[in-house]
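Understanding the architecture of this molecule
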Amino acid sequence: MKNIYCISGLGADERVFSRLNFGNNHVTFLHWETPDKNESLLQYTKRFIDKIDKPSPILVGLSFGGIISIEIAKQINTEKVIMISSIQTQKEMPLIFKLTGKTRLNKILPLKPFSFLEPFENYNLGVKNEEEKILVREYRKNINQTFMNWSIDQIVNWQNKEKIPNLTHIHGSEDHIFPLKYVNPDFIIKGGGHFMIMNRAQEINKILEKEISS
């Protein structure tokens, strides 16, 4: 039995992993907390490390959770990092993210979850059905604004240049948040969007089975 720790995407929780099959392994879901004022990504990452109580874990990170997983793996020994719909380094970040970080646009115009933007946001996420729309709507409604502002600032200003060796990257060909043309994944889910963890889980599970057992 292996010890797997899962970190969801920005503002999401363990429900996004509900369709993944981790076999008979021991799975722990690490939850987001509201950051302190001016808390760095390194300081915040240590919160997750404090909750990892098994040696050489497998980390599974979705989107921003993938970034956090990489930062954890740079500090502790891990058996493997599996990232879904995320980026490995600053180089893979879309240009609009880089420009936002350099101009500090996210500080001038903080992102807020407006209901009229929901169709556009659902398209970007690759939400496919009513069940997924309801789940994402709930995430938007309940997200802590301090946490969201901090998270976006950490993403657009992420400086990682190091590709960790024990990483498996699964990405969708139709991801609109982190477009495929910028990233170099190990596995591509054809037609998969940013939210493919829910609507393309069967294909992801086939990869997970091999990667976790290897």
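In this text the structure is predicted, and so the values were computed from the model without any measurement.

**Digging into the overall build of the protein chain**
Summing up its helical and strand segments, the protein chain has 9 helices and 6 strands in all. Taken over C-alpha atoms, the radius of gyration comes to 16 Å for the protein chain, in line with the 17 Å a tight globule of 214 residues would show. Its C-alpha atoms give the protein chain principal-axis dimensions of about 45 × 35 × 30 Å. In the protein chain, which comprises 214 residues, the proportion classed as buried is 51%.

**Quick notes on helix H6 (residues 130-142)**
A rise of 1.5 Å per residue sets the reference length of H6, with its 13 residues, at 18 Å; its end C-alpha atoms lie 18 Å apart and thus fit the reference within 8%. Within the span of H6, buried status applies to Glu-132, Leu-135, Val-136, Tyr-139 and Arg-140. Down the axis of H6, the sector holding all buried residues measures 140°, keeping them to one side. When the buried face of H6 is taken as reference, the exposed residues oriented beyond 90 degrees from it are Lys-141 and Asn-142. Buried residues belonging to H6 abut helix H5 (118-125) and helix H8 (196-199). The opening residue of H6, the one whose side-chain oxygen lies 3.2 Å from the backbone nitrogen of Glu-131, is Asn-129.

**A closer look at the packing of helix H1 (residues 41-51) against helix H2 (residues 64-73)**
Taken N-terminus to C-terminus, the directions of H1 and H2 make an angle of 85°; their axes are 9 Å apart at the nearest point. Judged by the angle between their axes, H1 and H2 are roughly perpendicular. Side by side, H1 and H2 meet where Leu-41, Tyr-44, Thr-45, Phe-48 and Ile-49 of the first sit next to Phe-64, Ile-67, Ile-68, Glu-71 and Ile-72 of the second. Taken together, the residues that form the contact of H1 with H2 break down as 8 nonpolar, 1 polar and 1 charged.

**Quick notes on the packing of H5 against H6**
For the pair H5 and H6, the least separation of the axes is 11 Å and the interaxial angle reads 115°. Viewed along their axes, H5 and H6 adopt a mutual orientation that is roughly perpendicular. The handedness of the crossing between H5 and H6 is right-handed. Counted together, Glu-118, Glu-121, Asn-122 and Leu-125 of H5 and Lys-133, Val-136, Arg-137 and Arg-140 of H6 form the full contact between these two elements. A class-by-class count of the residues in the contact of H5 with H6 yields 2 nonpolar, 1 polar and 5 charged.

**Points about a nonpolar patch on the surface**
A cluster of nonpolar side chains, Leu-95, Leu-99 and Tyr-182, forms an exposed patch at the surface whose accessible area comes to about 270 Å². Residue placement: Tyr-182 occurs in the loop between strand S5 (167-172) and strand S6 (187-189). On the accessibility criterion, Tyr-182 (31% relative accessible area) is partly exposed.

**Brief notes about the sheet that holds strand S3 (residues 58-62)**
Across the sheet, 6 strands lie side by side as S2-S1-S3-S4-S5-S6; this open sheet has parallel pairing. Each having just a single partner strand, strand S2 (26-30) and S6 make up the two edges of the open sheet. For this sheet, the mean inter-axis angle between neighbouring strands, taken without regard to orientation, is 20°. Together, strand S1 (3-7), S3, strand S4 (80-84) and S5 form the strand contacts of H2, whose direction differs from that of S3 by roughly 150°.

**With respect to the nonpolar core**
Soluble, globular proteins show a tendency: their nonpolar side chains are buried together. Trp-32, Phe-48, Phe-64, Ile-68 and Ile-72 are the most contacted members of the largest nonpolar core, which has 33 residues in total. When contributions to this core are tallied by element, the ones reaching two or more residues are S1, H1, H2, S4 and helix H7 (145-156). Among all residues touching Phe-64, those that are not within four sequence positions of it are Gly-9, Leu-10, Trp-32, Leu-41, Trp-150, Ser-151, Gln-154 and Ile-155. By size, the runner-up hydrophobic cluster in this structure holds 28 residues, among which are Phe-17, Phe-22, Phe-195 and Leu-208.

**What about the environment of Ile-58?**
Locating Ile-58 in the fold gives a position in strand S3. Looking at Ile-58, the relative accessible area reads 1%, which means it is buried. Separated by 20 residues in sequence, Ile-58 and Thr-78 have C-alpha atoms that sit 6.1 Å apart. If near-sequence neighbours (up to four positions away) are discounted, Ile-58 is found in contact with Lys-2, Asn-3, Ile-4, Tyr-5, Glu-79, Lys-80, Ile-82 and Ile-212.

Conventions used here
Residues numbered from 1 in each chain as written. Predicted model: local features only at pLDDT ≥ 70, side-chain atom pairs only at ≥ 80, totals over all residues. Heavy atoms only, no water. Helix = DSSP H or I, 4+ residues; strand = E, 2+ residues; numbered from the N terminus. Rg over C-alpha atoms; globule rule 2.2 N^0.38 Å. Buried < 20%, exposed > 50% of the residue type's maximum accessible area, 1.4 Å probe, protein only. Expected span 1.5 Å × (residues − 1). Arc of directions from axis to C-beta. Contact = heavy atoms within 4.5 Å. Polar contact = N/O pair within 3.5 Å; in protein donor to acceptor, adjacent residues only side chain to side chain. Axes fitted to C-alpha atoms, helices over the stretch in contact; angles between N-to-C directions. Parallel < 35°, antiparallel > 145°, perpendicular 65-115°, else oblique. Nonpolar A, V, L, I, M, F, W, Y, C, P; charged D, E, K, R; others polar. Left-handed = near helix turned anticlockwise from the far one by under 90°. Patch = residues over 30% accessible without salt bridge, like charges linked within 9 Å, V, L, I, M, F, W, Y side chains within 5 Å. Areas by Shrake-Rupley, 256 points an atom, 1.4 Å probe, with all protein chains shown as cover. Salt bridge = Lys/Arg side-chain N within 4 Å of Asp/Glu carboxyl O. Pairing = 2+ DSSP bridges. Core = buried A, V, L, I, M, F, W, Y, C linked by side-chain atoms within 4.5 Å.

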